[in-house]
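So you can see what is in the structure, the chains are spelled out below.
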Amino acid sequence: MAIPWLIACYERFPMASNNQRTALAFAAVLALTPIAAEATISRAMKFDEKVEKARSIIVGRIVSQESRWDTNRQRILTYSKFQVEKTLKGEPAQELTIVTPGGTVGDIAQDYVSVPRFQTGDENVVFVRDTSVGPTVLYFDQGAYRVDKDASGERIVTPLVSSAVLVDMQNGTAVAPESPRSLSAFENSIRDSVGKHARMRMKMIEQKQREEASLWSQVKRNKTLVVLALLGALLATWQLVKRSS
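The following paragraphs examine the structure supplied in this document. Source: prediction; values computed, not measured. (Residues numbered from 1 in each chain as written. Predicted model: local features only at pLDDT ≥ 70, side-chain atom pairs only at ≥ 80, totals over all residues. Heavy atoms only, no water.)

Here S114, not a glycine, exhibits a phi torsion of approximately 70°, which is positive. Within the fold, S114 resides in the loop between β6 (108–110) and β7 (123–131). Positive phi, normally seen in glycine, also occurs at F140, with a value near 55°. (Helix = DSSP H or I, 4+ residues; strand = E, 2+ residues; numbered from the N terminus.)

Another aspect to go through is helix α5 (residues 223–244). The terminal C-alpha atoms of α5 lie 32 Å apart, and with 22 residues this matches the ideal 32 Å at 1.5 Å per residue to within 8%. Within α5, only 0 of the 22 residues are buried, which leaves it mostly out in the open. (Expected span 1.5 Å × (residues − 1). Buried < 20%, exposed > 50% of the residue type's maximum accessible area, 1.4 Å probe, protein only.)

By size, the foremost hydrophobic cluster in this structure holds 15 residues, and its most contacted members are I57, V125, F127, F186 and I190. Counting only elements with at least two residues in this core, the list comes to α3 (47–53), β2 (56–69), β7, β9 (144–149) and α4 (183–221). For this core, the element with the highest residue contribution is α4, accounting for 3 residues. Residue contacts for I190: discarding those within four places in its chain leaves F47, V51, I57, L88 and F127. One finds I58, F118, V128 and A144 within the second-largest nonpolar core, a separate group that totals 11 residues. (Core = buried A, V, L, I, M, F, W, Y, C linked by side-chain atoms within 4.5 Å. Contact = heavy atoms within 4.5 Å.)

On to the sheet that holds strand β12 (residues 173–175), then. Taken in spatial order, the 3 strands make up an open sheet running β1-β11-β12, and their pairing is mixed. Whereas interior strands pair on both sides, the edge strands pair on one side only; in this sheet they are β1 (41–43) and β12. Neighbour-to-neighbour, the strand axes of the sheet open up by a mean angle of 50°, direction not taken into account. Bridge count between strand β11 (residues 165–168) and β12: 3 bridges; the pairing is antiparallel. Bridge pairing in β12 links L166 to V175. (Pairing = 2+ DSSP bridges. Axes fitted to C-alpha atoms, helices over the stretch in contact; angles between N-to-C directions.)

With that settled, the discussion passes to a nonpolar patch on the surface. Side chains of L225, V227, L228, L231 and L234 sit close together on the surface and give an oily, nonpolar patch of about 520 Å² of accessible area. By the element assignment, L234 lies in helix α5. For L234, a relative accessible area of 58% puts it in the exposed group. (Patch = residues over 30% accessible without salt bridge, like charges linked within 9 Å, V, L, I, M, F, W, Y side chains within 5 Å. Areas by Shrake-Rupley, 256 points an atom, 1.4 Å probe, with all protein chains shown as cover. Salt bridge = Lys/Arg side-chain N within 4 Å of Asp/Glu carboxyl O.)

Applying the stated criterion to the full structure yields 6 aromatic pairs. An angle of 85° between the planes, with centres 5.5 Å apart, marks the rings of F47 and F186 as edge-to-face. Of this pair, F47 sits in helix α3 while F186 sits in helix α4; the two residues are 139 residues apart in sequence, bridging distant segments of the chain. Here the aromatic rings of F127 and F186 are separated by 6.3 Å at their centres, their planes lie at 85°, and the arrangement is edge-to-face. With F127 in strand β7 and F186 in helix α4, this pair connects stretches of sequence that are 59 residues apart. Owing to a relative accessible area of 0%, F186 belongs among the buried residues under this scheme. Positioned above the aromatic ring of F47 is the side chain of R181, whose terminal nitrogen or guanidinium carbon lies 4.7 Å from the ring centre. (Phe/Tyr/Trp six-rings, centres within 6.5 Å; stacked < 30°, edge-to-face > 60°. Lys NZ or Arg CZ within 6 Å of the ring centre and 35° of its normal.)

Right, dumping it as structure tokens:
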């Protein structure tokens, strides 16, 4: 089934780059591999991109959950209420309810691939984004982490991604999930990433200001030419109006 799918993708995207086509071929190979039949293929998101795109990043414990139908009774949504311990990015909050697709209402259950599954009592790190139905997890299960204690009592952050095959779409190669690390190291990585993006934005602002200042200085140096150009434009406009009348 993967070969016709790959051919269809080539026909649909004739202008795709070699890297993109390599990624398509890699996905087809995965589709033909028996072990991949139960796995999810997802585009690997870089840590810095997740930090940049997240509206907020929290560390918290789930204190309650409720699943119910959406307003159109088409999807079941699960509402997980977090008691927030720390806000690593964004506006601090004491509680936050995260909405995820899937859940069980009565004798009907819905499940979605790559959507993180939270459990009451668990402690998690969540990268949050806003949606029309409320805050949810950024980049599906790549935006959620489990927090556990090791034998020494240190808190360790582990990605929730388990069966997913993460693919670097630039070169079409599989990428290993993030390695577990201490919560303190995880917080430092977020701070470093936020600081790096802030410096990049500042550089862009400074570059724009320099360009605007340079343009203004050129206008001031050539103000005689600018005035003559404006007068010429006004004269041309006046002549055009005079002819039309």
